[in-house]
Amino acid sequence: MNFTPSRCLPIKTCKRCCQYSTGRNVHKVDTPVLLKNALPLTFNRSGGHGGKQKYIRLNSSQKRCFSSECDEVCHHHEHGEVRVRFAPSPTGFLHLGGLRTALYNYIYAKKYGGSFILRMEDTDQSRLVPGAAESIEDMLEWAGIPPDESPRGGGQYGPYLQSQRLSLYSQAADSLVQTGKAYHCFCSQQRLELLKREALRSGQTPRYDNRCRHLRPDQVEEKLDQKVPHVIRFRLESGVEPFNDLVFGWNRHEVAQVEGDPVVMKADGFPTYHLANVVDDHLMKVSHVLRGSEWLISTSKHLLLYRALGWKPPVFGHLPLLLNRDGSKLSKRQGDIYIQSFQRSGALPEALLDITTHCGSGFNSNRVGRKMEELITEFNPSKITTHSALLDLDKLAEFNKIHLQQRIDDAVQRDWLVRDLQGRIQEVYGTQVQDQDVLQPDYITRVLHLRKGHISSVSDLVSSEYSYLWVRPSFSDQQMAALSSETQHIATLVIRLMEGLKGGEELTVDQLSVELKTLAKKTSNTKYRDVMKIIRLALSGLQQGPSVAEMMVSLGPSEITHRFNRVLQQLSRQH
């Protein structure tokens, strides 16, 4: 049964068996196969769609499936295992653009039962930022996208720091030189600078003129014997094969026509990005490279390197850029795009992941409030578009509010919020906290439930408008006296109300609202509105905020009694 299908067709999957059907016949395959956009699939025993679908006959040794209409190439990776990597350079801290790339890699790995690798590309030693590598891994863990293999966690394909893999790059570079695919270049910095200046002066793009490519072997030997400083350059050849990018489709850049031969090994013995990432992706058995679209133009160069080294390349997918809402580039100079600053400001990791996927593409739906499991379920690589994703950070507060509500409703997540808030209260108010009971989990939990849907971040709760929750307020005699001549009477009524409610039952906002209306009727010449102003001032020192009833439920009977006793003491000093 030889079929020539018109397109790559979907095949139902079943984890229990590894079979696929063609009409009524069932065929056995040894391993899962990668079909349609290189997604791993296994096959079921069912007869498909009434025998209407036609399938390509496959076996485990075949590496590709072809469709005559779209000529789509779907790669089969060794053992069918999906292995993806996030490879940042620790020349800075993790920012939103990097987090998004890491997230798409993580989701891809989890969707298809694969591994997510973190590799540090720290070969540019002059620009390394102390602590950045550790911080990047911390931030990935905080964000809920922990790597399966990493510098910290290790793994069977380590080390995961490029600076500890120099001998591997050196071997690859030597092999390229020996096979004539690369050569030693002895050109000085001054000569290269002159070439660059000359090109710019004549309005051309600066490029190396490949001069050392033409040195005779004896000339090379002589310079090496004299220990002349040198780099190793890769010999760019024309005739680049096109590649099928998961996002951008068929691509090909004839790099030899526009670039000079690139440096693959620097004079200091460190590789350049081009060589190091090819060597590492090969040795770490990376099956899919999902990276920013700025690397799309370099991919043909990397494919030439794979060919020169005799290695099979991974599948490439280039993610569209993440831009500001106005279309400008996310700048690392925007201090607020660093993940640490989001963490400090009280942004929830799931809100950050939600907003970065919401403004992008690659998902079957676009709802606000999605958690990681839903992102993985709804991920669909064929829906990643080529146009840039516009990020509206003004909406982050709204995303955060929705995710914060979900966390408050979840007992385990709520405990995390309580601990976070305990730390923030002590950090902001420290010794001003007169009653340590406000740090008790029960008290903080009550506050979180009452403010749910009103606050967009736990950091809101340590702002001045909520300080009354943690610190007893102060107010002047004049403020009190200005409100009503019946303040003393009102304070006494509130204390009596609290004593009557100390029966152990929980206060509720509805119940208190009714009680406060009744209380206000017991005054002779103070309106309800002014009674509320007096109670609000005594409780919080503020003129506005949540409802008085909610403030009272938050604080609880004994703290309310304490605060109104202070009011009575203050008033008695006046007389």
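Up top is the structure.
Only a predicted model underlies this, so the values are computations on that prediction, with no experimental measurement involved.

Here we take up the overall build of the chain. The number of helices and strands found in the chain is 20 helices and 17 strands. Taking all 575 residues of the chain together, the buried fraction comes to 51%. For the chain, the proportion of contacts with a sequence separation of at least 24, taken over those separated by at least 6, is 74%. As displayed, the chain offers around 28000 Å² of accessible surface, 49% of which is attributable to carbon and sulfur atoms.

With their axes 11 Å apart at the nearest point, helix α16 (residues 487-500) and helix α17 (residues 509-520) run at an angle of 140° to one another. Here α16 lies oblique to α17, going by the angle between them. By crossing handedness, the relation of α16 to α17 is classed as right-handed. Contacts between α16 and α17 pair Leu-493, Val-494, Leu-497 and Met-498 from the former with Leu-512, Glu-515 and Leu-519 from the latter. Broken down by class, the residue content of the contact of α16 with α17 amounts to six nonpolar, no polar and one charged.

Counting buried positions along helix α8 (residues 299-309) yields ten of eleven residues, so the element is predominantly enclosed. Listed in full, the buried residues belonging to α8 are Thr-299, Ser-300, Lys-301, His-302, Leu-303, Leu-304, Leu-305, Tyr-306, Ala-308 and Leu-309. Two residues or fewer past α8, Gly-310 is found with a positive phi of approximately 75°.

Let us now look at the state of the cysteines. Using the criterion set out here, one finds zero disulfides in the structure. No disulfide involves Cys-185; its sulfur sits 3.9 Å from that of Cys-212, the nearest cysteine. A residue is classified by how much of its surface remains accessible, and Cys-185, at 2% relative accessible area, is buried. Just so you know, Cys-212 is unpaired, no disulfide at all, and the nearest cysteine sulfur is the one on Cys-187, 3.6 Å from it.

Cut-offs applied
- Residues numbered from 1 in each chain as written.
- Predicted model: local features only at pLDDT ≥ 70, side-chain atom pairs only at ≥ 80, totals over all residues.
- Heavy atoms only, no water.
- Helix = DSSP H or I, 4+ residues; strand = E, 2+ residues; numbered from the N terminus.
- Buried < 20%, exposed > 50% of the residue type's maximum accessible area, 1.4 Å probe, protein only.
- Contact = heavy atoms within 4.5 Å.
- Areas by Shrake-Rupley, 256 points an atom, 1.4 Å probe, with all protein chains shown as cover.
- Axes fitted to C-alpha atoms, helices over the stretch in contact; angles between N-to-C directions.
- Parallel < 35°, antiparallel > 145°, perpendicular 65-115°, else oblique.
- Left-handed = near helix turned anticlockwise from the far one by under 90°.
- Nonpolar A, V, L, I, M, F, W, Y, C, P; charged D, E, K, R; others polar.
- Disulfide = S-S within 2.5 Å.

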